[in-house]
Amino acid sequence: MAVNGPAGGPVLPAHPDPWLERVLRGGLPHELAYAFGGPYHLLLPGRFDGNAAAFRAALTEAGVAGQVYYAKKANKAAVWIERCAANGIGVDVASAGELRETLGHGVRGEHIVVTGPAKDGDLLRVAVLQGCLVTVDALDELERLLARADAGGASPPARVLLRRLPPGQPHSRFGLDGAELEAALRRCRDAGDAVRMEGFSFHLSGYDVAPRAELAHELVGMCLGARAAGHPADRIDIGGGFPVDYVSAADWDRFTRTQGPHDYHAGRSFTTADFYPYHAPAAGARALRAVLAARPAAGGPSLAGRLRGAGVRLLLEPGRALLDRAGCTVFRVQGVKERDGYGMLTVNGSSLSLSEQWFGSEYLPDPVLLPERPERPGGETPYRACVGGATCLEQDLLTWRRIVFPHRPRPGDLLVYPNTAGYQMDSNESPFHDLPLPPKAVVEEARGRVRWRLDRRTPC
Ligand SMILES: *Cc1c(COP(=O)(O)O)cnc(C)c1O
């Protein structure tokens, strides 16, 4: 088969991961593809533990007391919650189901923060009974919370943080503006023992350090003000948004400079702003270090110094960054054909198991081809192809980009999408077309042996 067009399209390989490569080049991926009969995810809890430890180390090094909460919406698997329970990491939940699942896998209520807008009555009731910290998003929500907290006097006080509407993102639908914050503080004071106002929170979209540090400085000042009015106010929560570094600077730079409609199926076009920033020079715990070291423009101590000086704890809710390199997604190639001079692979699943298309975007790190049989000598001619799902929708492409494969894939080969644990795996998954939801296999190494088991998530 002739090579379709220029073989040299932009490539975006994920950062090398020698341990995972060894696992993938062994027999396990094909064995599991046979056992499950459909696409599946691999989960690597050892990586989650390492990422959580790095965040904690950044707090310790800065001499800042704090708590890391895993933002559960980034991946539904039980194994992360089991690791949180075992290691004293907290969990950020936003629904009654997430709260049940988190308590059920052993995380204590005091280590849970409940976020999300207009939380419903059931969620608030269980949160209060379990002593969870609740970030209040609106005044009517505060009323509903207080109604649960003092009903019959049997409940512990409701522990609350007041969520700040970010001044730099005034169109956000989340949080309380200045006047609402004042009203909420008054309401908390009037509620007496029914409530403990423990501090303030925010969650910013985007991944920049400066706006996070700036708003955190402001929240420390707000804690001091609230204390003067008699509230405990001894913590701030800076939310998530710690970036993940998927690909090298050089590859990302070349891609963003050269990508255009010629790189995609059906001449589809994306601007760079449509994509997640797949290269981040300071990712994960390094981004937290930068936030802690940031000084306000007007001068004064670093955020770490300010927190220490004021006796304010720093809470954070990373989702994606705790899952960095903690999983990948495996599809089997079901069909291979050519269209308009490039290849079209069809895999045994849908783009809903890669979750980026609903943002009008796509997941860019290159999938790795694991051939079922070794390639014939001399058969190594690069081959560009897009990847479609096994559905009847023109729109269902896992990858619109014409990926450069080392040779023409064959039915039965596997495609492994790297580093998919953060948001890609299940936020959009759907049994559309009666396709099975991909199971999750937890892979660990114990005494030199690689072992796997199914994840223990409670079926809903
Ligand atoms: C989604 C979310 C997070 C996690 O964001 P990441 O970008 O995955 O770190 C944290 N806190 C809140 C309130 C969220 O909505």
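Preceding this paragraph is the structure being described.
Residues numbered from 1 in each chain as written. Predicted model: local features only at pLDDT ≥ 70, side-chain atom pairs only at ≥ 80, totals over all residues. Heavy atoms only, no water.

*Asks:* I'd love a proper account of the sheet that holds strand 8 (residues 235-237), names of residues and values included.
*Replies:* Read around the barrel, eight strands follow the order 2-3-4-5-6-7-8-9 and close on themselves; strand pairing throughout is parallel. Neighbour to neighbour, the strand axes of the sheet diverge by 30° on average, direction disregarded. Examined bridge by bridge, strand 2 (residues 66-71) and strand 9 (residues 313-316) share three bridges and lie parallel to one another. Opposite Gly-66, over in strand 9, you have Leu-314 as the bridge partner. Docked against the sheet, helix 5 (residues 96-104) engages strand 3 (90-93) and strand 4 (112-114), running at close to 160° with respect to strand 3. (Pairing = 2+ DSSP bridges. Helix = DSSP H or I, 4+ residues; strand = E, 2+ residues; numbered from the N terminus. Axes fitted to C-alpha atoms, helices over the stretch in contact; angles between N-to-C directions. Contact = heavy atoms within 4.5 Å.)

*Asks:* Just give me the short version of the site of the ligand, but keep the residues and values in it.
*Replies:* The environment of the ligand is made up of 13 residues, and the closest members are Lys-73, Gly-241, Glu-317, Arg-320 and Tyr-423. A distance of 2.8 Å separates an oxygen atom of the ligand from a polar backbone atom of Gly-241. The separation between an oxygen atom of the ligand and a polar main-chain atom of Arg-320 is 2.9 Å. Contact with the protein chains hides 88% of the accessible area of the ligand, taken as 390 Å² for the molecule alone. (Near = heavy atom within 4 Å. Polar contact = N/O pair within 3.5 Å; in protein donor to acceptor, adjacent residues only side chain to side chain. Areas by Shrake-Rupley, 256 points an atom, 1.4 Å probe, with all protein chains shown as cover.)

*Asks:* Before we move on, can you summarise the layout of surface pockets with the specific residues and values?
*Replies:* Taken as a whole, the largest pocket spans an internal volume of roughly 1100 Å³. Of the residues belonging to the lining of the largest pocket, the class tally is 14 nonpolar, 16 polar and 11 charged. When residues of the lining of the largest pocket are sorted by domain, at least three fall in each of domain 1 (18-44 + 325-454) and domain 2 (45-245 + 280-322). Of the voids in this model, the second largest pocket is the one considered here, and its volume is about 530 Å³. Lining the second largest pocket are 27 residues, with Ala-14, Glu-21, Asp-366, Val-368 and Pro-418 positioned closest to its centre. At the level of secondary structure, the elements contributing two or more residues to the lining of the second largest pocket comprise helix 1 (18-25), strand 12 (368-370) and strand 14 (397-405). (1 Å grid on protein atoms, 1.4 Å probe; cavity = no way out; pocket = protein on both sides within 12 Å on 5 of 7 lines; lining within 4 Å. Points joined across faces, edges and corners; volume = space filled by probe spheres on them. Nonpolar A, V, L, I, M, F, W, Y, C, P; charged D, E, K, R; others polar. Domains from an automatic or database assignment.)

*Asks:* Could you give an account of the packing of aromatic side chains, naming the residues involved and the relevant values?
*Replies:* One pair of aromatic rings is described through two measures. These are the centre distance and the angle between the planes. The full count for this structure, using the stated rule, is 17 aromatic pairs. When the ring of Phe-36 is compared with that of Trp-452, the centres are 5.8 Å apart and the planes differ by 85°; the resulting orientation is edge-to-face. With Phe-36 in helix 2 (residues 28-36) and Trp-452 in strand 17 (residues 449-454), this pair connects stretches of sequence that are 416 residues apart. We classify Phe-36 as partly exposed; its relative accessible area is 23%. Take Trp-452: its relative accessible area is 39%, and that puts it in the partly exposed class. Judged by centre distance (6.0 Å) and plane angle (85°), the rings of Tyr-246 and Tyr-363 are edge-to-face. Of this pair, Tyr-246 sits in the loop between strand 8 and helix 10 (249-258) while Tyr-363 sits in the loop between strand 11 (342-347) and strand 12, and the two are 117 residues apart along the sequence. As far as the burial class goes, Tyr-246 and Tyr-363 line up, both buried. We note Arg-268 situated over the ring of Trp-400; from NZ or CZ to the ring centre the distance is 4.6 Å. The positively charged end of Arg-320 is found above the aromatic ring belonging to Tyr-276, 3.9 Å away from the centroid. (Phe/Tyr/Trp six-rings, centres within 6.5 Å; stacked < 30°, edge-to-face > 60°. Buried < 20%, exposed > 50% of the residue type's maximum accessible area, 1.4 Å probe, protein only. Lys NZ or Arg CZ within 6 Å of the ring centre and 35° of its normal.)

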